[in-house]
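Structural features, examined
One letter stands for each residue in the lines below.
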Amino acid sequence: MRFAFLVLVFCVGGSVSSTITSSPGLRRRHVADSCEFQWTVSGDLTSYKIHNKSTGNPVELSADHSNHSVTTATTTTRLIRLFIWNIHLWDAGNYSLSVTQGTTTTTDAGALLFVYDDSGTSSVTHNGTLPAPENGCVVLSCAVTTGSRPSTHRPAMHYFWELEREGAVTRNADGHARLRNGEILSRYNITDDGMTLVIGALHFSDQRNYFCWAQEEGSAHRIRGSNGLHLLLNHRPVITAWEPRSRKFNADVGQLVSLSFWFEASPATSTSLTWTLTDVNGTIQSVVPTQFLQPGYSISSPFVVTFTLTSDALYGRYSFEITNAMGSYNGFFSVLPPGRPETPSAVAVKYKTFRLISIEWKCQWNNGRKQTTLLRLKDVQRNEVLDTFNRTETDDRCYNDTRRHLFQRHLQEDRDYEISLWSDNDLGSSDDVKMTVRTTKRFQLLLSHRTISVNENEAKVSFETRHGKMAALNVTCCAEETDDCTSDQFQVNTSTSYVILKDLPPGMAYLFDFKAFGRAPGGEEYFLGMIKGVKVPEDGDKIDRCTVAVVVLGCLLAICLVASLSVFVFVKIRGNKETRHGSTDVQDSKETELKPRKTEEKTKEKTKEKTKEKTKTDEQRQQQRPTNEQPKLQRPLPDPKTSRKSQVPPPRMPPPETEYTQETYEAMERAEEEAKDGDDGEMYTPLDQPQPTRKQKRNLYS
């Protein structure tokens, strides 16, 4: 049951003319949604009416209306509301409010309901006729049928294209079509509005189904068609499959050689196709137009070529030609003697990290035998084999196909490794391919709880990366209290410095996990590193700032309190001293002035006494010195620029055997005492006589 109701609110007062002061405007809704319009009315009113003008004939909405339910307005409010539930397409259009006060009627038609048609369809159309000519041009358009109402207020339409086998394409900045993996299709162009796809220089590979779908702006529904357009071309013959794939045969003399292949051609009739086979000597072997009896677009059954190898002279390369009205196809195949397999080709490093090395290659012809491809990983510095791998192919289905292997054991960061690759069969080994690969430094994802800010239900994660190119970042956030989690994966590049994770679960603290991925050419993602368990409180930055502010404020208050107490104690002690010793200040000052004078007098007296004693000692020494005695020599003072540790004393020579008397020793002792008491710090020694040894001194005193 769908209905609507009206509510009118106005103030009671004197008679004032009614005026509609606000209009609801435009509302866009889907079928089965609900909608609300409201008007604000000022002044008194006698009656009001709501009209639906979508059919051209206004229909008044009343309480007994089959599609709406209208309530009677009260006399205490000024607000009129219209509610519509379970919307249908015919509810779309203008809604007008008429308010009457006495003989005056005021009308507002500003309410508009737009209803999206979810049952619309899309289809692909083309210009010209099909099949289109090869190397020509075709224009494909996306035609959309929709019943959204009213048609005069339909929003902008957005168009999207999809190719069979390739997937969705979008418009690049230069107008070319771009695949999801980033590959640009230079022959495909999309117009600015996205409605038209233009394909130039038509090729056999353009024969496929094309789809388009559309979406009205503001709508969550996509308008799709049931079938796309299959593009057909008139083209020359094209080989679609071979058996064997390598187009090479291993055969002994006398053995039957058989070649099967499938091809497409348009037109493909018995009168338009011819077949010619030329052997290694240039001789035309056969012309078999009767093999193409099946009319139509393509040859569904394989065309088989068989002949017997009669001699060694028939080893070599054979060529053939298939022709129709649009042109010809020239192909070849080879018949070879048994031998070793061919060397793998296109060997390359797909990607590498500090602990991963991904290698890819294309296997070649196996010479008709079971083939094994071998890989070897060796540490260059230690010349040590770290890992090996082998892959066996029983037939030639791998011919020219890409194979890959991932080395992920025993690898170290920033180190050189040698990778060797070759193929074996029971007749020998191919040449080996060698390449040196250096692993990268360890990838670093730099972030912490300080670089994550949580604001309500969003988290901004700032980060930096080192030693690697990150292409995708997976972020998982869980509430610590409830274990509710949300996650998202973001596509990033070298210029990305942050991501925003939305729809966080409610909580006071969160745990974040991060996984970083790189991307190899072709779109394959590989693991770089991860960080787990980063705990972040809600509004963590605010909490940190508040905590720092409280700590700083507490420290300042403590410093002020200590300073105040120190000043108070100092003033208190100083005041007590002044009170206790206030009467003796003059006496203390006089004693302080007399102390330096007494000290100076004592110093002068001591100096005079030392001078007198030194004079007496000099006179006594002069009297005791013999007449032939040499004058005293002053021992040189040490050089202040030279350290004692750096001075090397001369080697001590054994003293001569000299007899010493008691008078000599007494003179030497007096000289030492005089040197100690002297103010000039000089040391006097009777140098005219050699110094006694310890043994001589001991004998003398004993």
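Residues numbered from 1 in each chain as written. Predicted model: local features only at pLDDT ≥ 70, side-chain atom pairs only at ≥ 80, totals over all residues. Heavy atoms only, no water.

It is worth spelling out the sheet that holds strand 33 (residues 402-407) at this point. Read from one edge to the other, the open sheet built from three strands follows the order 29-30-33, with strand pairing classed as antiparallel. Looking at the sheet topology across the chains shown, the edges are occupied by strand 29 (345-352) and strand 33. Taken pair by pair, the neighbouring strands of this sheet meet at an average axis angle of 20°, ignoring direction. (Pairing = 2+ DSSP bridges. Helix = DSSP H or I, 4+ residues; strand = E, 2+ residues; numbered from the N terminus. Axes fitted to C-alpha atoms, helices over the stretch in contact; angles between N-to-C directions.)

What follows is about the sheet that holds strand 23 (residues 256-266). Read from one edge of the open sheet, four strands run 11-21-23-26, paired in mixed fashion. Whereas interior strands pair on both sides, the edge strands pair on one side only; in this sheet they are strand 11 (132-133) and strand 26 (303-308). Looking at chain direction, strand 21 (residues 233-243) and strand 23 are connected through six bridges and run antiparallel. Among the inter-strand pairings, glutamate 243 is bridged to a residue of strand 23, identified as serine 260.

For the rest of this paragraph, the subject is the confidence of the model for the protein. Of the residues in the protein, 72% have a pLDDT of 70 or more, and the chain-wide mean is 78. Across residues 1-15, confidence stays below pLDDT 50; counting only partners more than four residues off in sequence or on other chains, it has 67 contacts. Overall, residues 679-688 carries pLDDT values under 50, and its contacts beyond four positions in sequence, including any with other chains, amount to 16 contacts. (pLDDT = per-residue confidence, 0-100. Contact = heavy atoms within 4.5 Å.)

Another aspect to go through is a positive patch on the surface. Judged by side-chain charge, Lys604, Lys608, Lys612 and Lys616 come together as a positively charged surface patch. Counting through the fold element by element, lysine 616 comes out in helix 2 (residues 585-624). Assessed through its relative accessible area of 57%, lysine 616 is described here as exposed. (Patch = residues over 30% accessible without salt bridge, like charges linked within 9 Å, V, L, I, M, F, W, Y side chains within 5 Å. Areas by Shrake-Rupley, 256 points an atom, 1.4 Å probe, with all protein chains shown as cover. Salt bridge = Lys/Arg side-chain N within 4 Å of Asp/Glu carboxyl O. Lys, Arg positive; Asp, Glu negative; His and termini not counted. Charge placed at Lys NZ, Arg CZ, Asp CG, Glu CD. Buried < 20%, exposed > 50% of the residue type's maximum accessible area, 1.4 Å probe, protein only.)

Counting residues in each nonpolar core, the largest one holds 30 residues, and the members touching the most others are Met470, Phe512 and Phe514. Contributing elements (two or more residues each) for this core: strand 38 (452-455), strand 39 (458-462), strand 41 (472-479), strand 43 (498-501), strand 44 (509-519) and strand 45 (525-537). When near neighbours in sequence (up to four residues on either side) are disregarded, phenylalanine 512 contacts Ile452, Val454, Ala459, Val475, Thr476, Cys477, Leu501, Ile531, Lys532, Gly533, Val534 and Val536. Judged by nonpolar contacts, the second largest core, of 25 residues, contains Met157, Tyr210, Cys212 and Ile223. (Core = buried A, V, L, I, M, F, W, Y, C linked by side-chain atoms within 4.5 Å.)

Here the focus is a nonpolar patch on the surface. On the surface, Val567, Phe570 and Val571 cluster together to form a nonpolar patch covering roughly 310 Å² of accessible area. Within the secondary structure layout, phenylalanine 570 lies in helix 1 (residues 540-580).

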